[in-house]
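Okay, here's what each chain looks like letter by letter:
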2 protein chains.
Amino acid sequence: MKEFRVPYETMKTVFQQVLQKHGFSTEKARQCAKVFAYNSLEGIYSHGVYRFPRFVEYTLKGFVKPDAVPEKIHSAGAIEQWTGNLGPGMLNASFCSNRAMEIAHNNGLGCVALGNTNHWMRGGSYAWQAAKQGYVFIGWTNTEQNMPAWGAKQSKLGNNPLVIGVPWKNEAIVLDFAMTQFSYGKIEATKIKGEQLPFEGGFNREDQLTKNPQEILETMRGVPIGYWKGAGLSLLLDILATILSAGLSSHQLSRQEAEYGVSQVFITIDLKKLSNYPSIENSITAIIDDFKSTQLIHPDSPVKYPGERVVKVRQENLNWGIPVDKTIWNKILAM
Amino acid sequence: MKEFRVPYETMKTVFQQVLQKHGFSTEKARQCAKVFAYNSLEGIYSHGVYRFPRFVEYTLKGFVKPDAVPEKIHSAGAIEQWTGNLGPGMLNASFCSNRAMEIAHNNGLGCVALGNTNHWMRGGSYAWQAAKQGYVFIGWTNTEQNMPAWGAKQSKLGNNPLVIGVPWKNEAIVLDFAMTQFSYGKIEATKIKGEQLPFEGGFNREDQLTKNPQEILETMRGVPIGYWKGAGLSLLLDILATILSAGLSSHQLSRQEAEYGVSQVFITIDLKKLSNYPSIENSITAIIDDFKSTQLIHPDSPVKYPGERVVKVRQENLNWGIPVDKTIWNKILAM
């Protein structure tokens, strides 16, 4: 892969220009461009620069409505149900995270369930958004079916990413993970390199677990984390996203021509309302200090808390530019 | 293992008598006995009859205070902080689940964070309790340190069980899982049978993953589900339980002579408050029907949703009695 580096501001400007060329208003183009550029800046290229072309394609096909905004359909105290009206998933998710924080500001905790929305790209970004304002964040999305239940030969579950974040030292600790052990993007990349996966990542045609990426891409049956455990968690996350938002379930998403109209949940907690607020940062620091005080299997590979890498990558990419495959970047420039 | 079957009512009566002999009031003994007998009735023997002797032991050692009850320390709208005063963990957890439902009844959703409590035994039972009353349940507990972070040689994380439940057809769909791939009880039982684990369940002394139960018991380093993913989830669950309850973290629990004073979170949602309440049951049924419509790897092993087995086992054990190892039952009778 021929990589070079594109400055953050350049990437944002290019994305905005492409989006304006394809039917986005200046303001919507600016907002969406910022999300894709910022996800890239923080090192989540798969849901940044490398996902941008598909976002444009989905807009051109009408799956994403550039001008649509979320609407409240029902309020029940500290939980609200909204529809995303098929607007850009990142803007809908960011809006609903803010709305959940407003509810939590008044009620200690708040929940927004959002149906009829689109791919939120990088779930972790909403946890960072909430954490930077002092809120705990718990959220998840459903997806189309791409993972088998335990004992199943067909993928009837989504890999339904779950995100949990807490504020810490003006940054955040953010866990953002899908229910398949590896993303299909990672499996594809491993195949291209001619390598094996480090752990069994899915099933082959003989229903055996395998580290061979080619075999997994033939079945499209990635293994759930923890086998039956991740499969169960995926099912429950889909049920909750669906019933809380009055939205579509994974099985309904997979009957469409593409993945649009997904269901999501955003829960926030306002830490400032808690009795122990002044000591929370120290409490987290003590946990992280102990976590890091372990003996290591590889002395030069320290244990990392979720999200730890982000701060470093963000700074590197701000300094040196965002690494991009030149072929893909040229394709974007030509859009 | 020589097993015979003890009727549910007999088991409950025996447990109550033992507890009354060891300092429990009639009413507290009745409540605790019911929990241990009912967990056994539903097939969760590890946190029913086989855990009962340790519960008595912990009470005699003063780790569990039979008469202590939960007290509210802070209220912030839909989230409350309580202390369990080191009372029986099951009674504290059941109380706080009910309290979270009361809050959700008034606010749509509710959260109780509980510090200074004890082992809740079977986390799933609180999800069943909530689901039977029409509430979604999301809850977790921290534990002492018994699982390594990814890349760590020492166990600095708890296996922190996470429980999610939804009401369905007068029963419930309930996921209840710890962050280690296998419980140490399962690993121990596999060793006694002279077998290997079905999947790699932990690390040996050379820091290699192994299916050999003896090797894992030597290191006490069970593998997290999904490797780095389950380790990350465990860390976040501990941080949240600790800061929301103002309670102890896993690293603090492990500095004590035994695991007591754990931290827990109970979140509930009142489905009756949602706009789509009348259609929720059908929506879940459609998800489960699709889930079960898959081709199977082993045609005689259907896929099961979490908690599905419980209803069948409960009925079998009601009909025929609860299967118990005779030696352990005799030990309980002599307590």
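As the structure is a computational prediction, the values presented were derived from the model and not from experiment.

Engineer: Explain the interface of chain A and chain B to me, using residue names and the numbers behind them.
Structural biologist: Taken together, the contact pairs 78 residues of chain A with 78 residues of chain B. Together, the buried faces of chain A and chain B total about 6900 Å²; carbon and sulfur atoms form 74% of this surface. Two residues, R255(B) and D290(A), come together in a salt bridge whose shortest N-O distance is 3.5 Å. By residue number, the principal contributor to the side of chain A that touches chain B is helix α8 (residues 228–245) of chain A, which donates 12 residues. Among the residues forming the side of chain A that touches chain B, the class breakdown is 47 nonpolar, 22 polar and nine charged.

Engineer: Go over the relation of the copies chain A and chain B with me, naming the residues and quoting the values.
Structural biologist: Mapping chain A onto chain B is achieved by rotating through 180° and translating by 0.0 Å along the same axis, at an RMSD of 0.0 Å. Expressed as an axis order, the relation between the two copies is that of a two-fold axis. When C-alpha positions in chain A are compared against the rotation axis, the closest is assigned to G226(A), at 2.5 Å. A share of 100% of the interface residues of chain A reappears at the interface of chain B, consistent with the copies meeting face to face through the same patch.

Engineer: Any chance you could break down the domain arrangement of chain A for me, citing the residues and the numbers?
Structural biologist: Accessible area lost upon the coming together of the parts serves often as the stated size of an interface. Residues and elements named next belong to chain A. We note that the domain assignment places domain 1 (1–60 + 304–335) and domain 2 (70–275) within chain A. Computed over C-alpha atoms only, the centres of domain 1 and domain 2 are separated by 21 Å. Buried surface at the junction of domain 1 and domain 2, both sides included, amounts to about 1500 Å², of which 68% is carbon and sulfur. Run the count over domain 1 and domain 2 and you get two salt bridges. Note that E42 is salt-bridged to R122, the shortest N-O span being 2.7 Å. Between the two partners, domain 1 and domain 2, sit four residue pairs in polar contact (both at pLDDT 80 or more).

Engineer: Give a description of the pattern of salt bridges that names residues and reports values.
Structural biologist: All names here are of chain A. All chains considered together, the criterion is met by 37 salt bridges over all chains. In this structure, the salt-bridge partner of E80 is K72, at a minimum N-O distance of 3.5 Å. Classification of E80 by relative accessible area gives buried; the value is 2%. Across the pair E102 and R99 runs a salt bridge whose closest N-O atoms are separated by 2.6 Å. Residue E102 and its partner R99 are located together in helix α4 (residues 89–107), separated by three residues, close to a single helical turn. Through salt bridges with shared partners, a single network forms among E42, R122, K132, E171 and R314.

Engineer: Which residues make up the sheet that holds strand β5 (residues 135–141) of chain B, and what are the values?
Structural biologist: Residue and element names in this part refer to chain B. Across the sheet, which stays open at both edges, the seven strands sit in the order β2-β3-β4-β12-β5-β8-β9 with mixed pairing between neighbours. Looking at which strands have only one partner, the edges of the open sheet turn out to be β2 (71–76) and β9 (171–177). Neighbour-to-neighbour, the strand axes of this sheet turn through a mean angle of 15°, independent of strand direction. Where β2 meets strand β3 (residues 79–83), five bridges bridge the pair, whose relative direction is antiparallel.

Engineer: I'd like a description of unusual backbone geometry, backed by residues and values.
Structural biologist: All names here are of chain B. One non-glycine residue, N116, lies in the positive phi region at around 60°. Examined against the element boundaries, N116 turns out to sit in strand β4 (residues 109–117). For Y227, which is not glycine, the phi dihedral falls at a positive 60°. Note on placement: Y227 falls in the loop between α7 (213–219) and α8 (228–245).

Engineer: Let's hear about helix α10 (residues 277–292) of chain A: which residues, and what values?
Structural biologist: Residues separated by three or four positions in an α-helix point in the same direction, a consequence of the helix having 3.6 residues per turn. With 16 residues, α10(A) extends 24 Å between its outermost C-alpha atoms, agreeing within 8% with the 22 Å of an ideal straight helix rising 1.5 Å per residue. Taken together, the buried positions of α10(A) are I280(A), I284(A), T285(A), I287(A), I288(A), D290(A) and F291(A). The secondary structure elements touched by the buried residues of α10(A) are β8 (162–168) and β9 (171–177) of chain A together with β7 (155–157), α8 and α9 (250–253) of chain B.

Engineer: Tell me what's going on with the pairing of strand β13 (residues 322–325) of chain A, and back it up with residues and numbers.
Structural biologist: Residues and elements named next belong to chain A. Burial of β13 is two-sided: the residues I322 and V324 facing one way and the residues P323 and D325 facing the other way are all buried. For strand β1 (residues 3–6) and β13, the ladder comprises four bridges, and the chain directions are antiparallel. Paired with R5 across the bridge in β13 is P323.

Engineer: Would you mind going over the side chain of S234(A) in detail, with residue names and values included?
Structural biologist: Residues and elements named next belong to chain A. Inspection of the secondary structure assignment puts S234 in helix α8. We classify S234 as buried; its relative accessible area is 0%. When near neighbours in sequence (up to four residues on either side) are disregarded, S234 contacts M147, L157, G158, N160 and M179.

Engineer: Please set out the side chain of Q16(A) residue by residue, giving values where relevant.
Structural biologist: Residue and element names in this part refer to chain A. Note that Q16 resides in helix α1 (residues 8–21). Owing to a relative accessible area of 18%, Q16 belongs among the buried residues under this scheme. With sequence-adjacent residues up to four places away left out, Q16 is seen in contact with T26, A29, R30 and A33.

Engineer: Could you give an account of the packing of aromatic side chains, with specific residues and numbers?
Structural biologist: In this structure the tally under the stated criterion is 44 aromatic pairs over all chains. The interplanar angle of 45° and the centroid separation of 5.8 Å between the aromatic rings of F24(A) and F55(A) together place this pair among those described as tilted. Taken as a pair, F24(A) in the loop between α1 and α2 (26–41) and F55(A) in helix α3 (residues 52–60) lie far apart in primary sequence, 31 residues in all. F55(A) matches F24(A) in its accessibility class, with the two residues each being buried. Each ring, one from W150(A) and one from F203(A), has its centre 6.3 Å from the other, and the planes form 55°; the classification is tilted. Within this pair, whereas W150(A) is found in the loop between β6 (147–148) and β7 (155–157), its partner F203(A) is found in strand β10 (residues 202–203), the two being separated by 53 residues in sequence. For F203(A), a relative accessible area of 6% translates into the label buried. Pairwise contacts between aromatic rings join F15(A), F24(A), F36(A), F52(A), F55(A) and W329(A) into one cluster. Lying across the ring of W128(A), R314(A) places its NZ or CZ 5.5 Å from the centre. Here K326(B) stacks its cationic end above the ring of F4(B), 5.0 Å away from the centre of that ring.

Cut-off values and rules
- Starting afresh in each chain, residues are numbered from 1 along the sequence in its written order.
- All chains are assigned letters beginning with A, and all ligands numbers beginning with 1, in the order in which they are written.
- The predicted nature of this model means local features are confined to residues of pLDDT at least 70 and side-chain atom pairs, given and counted, to a pLDDT of 80 or more, with totals for whole chains, interfaces and linings taken over all residues.
- Side-chain numbers come from the whole structure's heavy atoms, not from hydrogens or water.
- Any two residues having at least one pair of non-hydrogen atoms within 4.5 Å are treated as being in contact.
- Note: buried area is the sum, over both parts, of the accessible area (probe 1.4 Å) each one loses when the two are combined.
- Here a salt bridge means any side-chain nitrogen of Lys or Arg lying within 4 Å of a carboxyl oxygen belonging to Asp or Glu.
- Secondary structure elements follow DSSP: runs of H or I of four or more residues count as helices, runs of E of two or more count as strands, with numbering from the N terminus.
- Each residue gets one label: Ala, Val, Leu, Ile, Met, Phe, Trp, Tyr, Cys and Pro are nonpolar, Asp, Glu, Lys and Arg are charged, and the others, such as Gly, are polar.
- The copies were overlaid by least squares, fitting only the C-alpha atoms of residues that reach a pLDDT of 70 or more in each copy.
- Note that the domain bounds were set by an automatic or database domain assignment.
- Whenever two N or O atoms come within 3.5 Å, that pair is a polar contact, provided that in protein one can donate a hydrogen and the other can accept it, and provided that, for residues adjacent in sequence, both atoms are side-chain atoms.
- Whether a residue is buried, partly exposed or exposed follows from its accessible area with a 1.4 Å probe, protein chains only, as a fraction of its type maximum: under 20%, in between, or over 50%, in that order.
- Note: two strands are recorded as paired if DSSP finds a minimum of 2 bridges between them.
- Between the N-to-C directions of two axes lies an angle of 0 to 180 degrees, each axis being a line fitted to C-alpha atoms and, for a helix, fitted only over the stretch in contact.
- By definition here, a helix of n residues has an expected span of 1.5 Å times n minus one.
- Under the pairing criterion, centres of Phe, Tyr and Trp rings, with the six-membered ring standing for Trp, must be within 6.5 Å; the plane angle then separates stacked pairs below 30 degrees from edge-to-face pairs above 60, leaving the rest tilted.
- The rule is short: NZ of Lys or CZ of Arg within 6 Å of the ring centre and within 35 degrees of the ring normal puts a charge over the ring.

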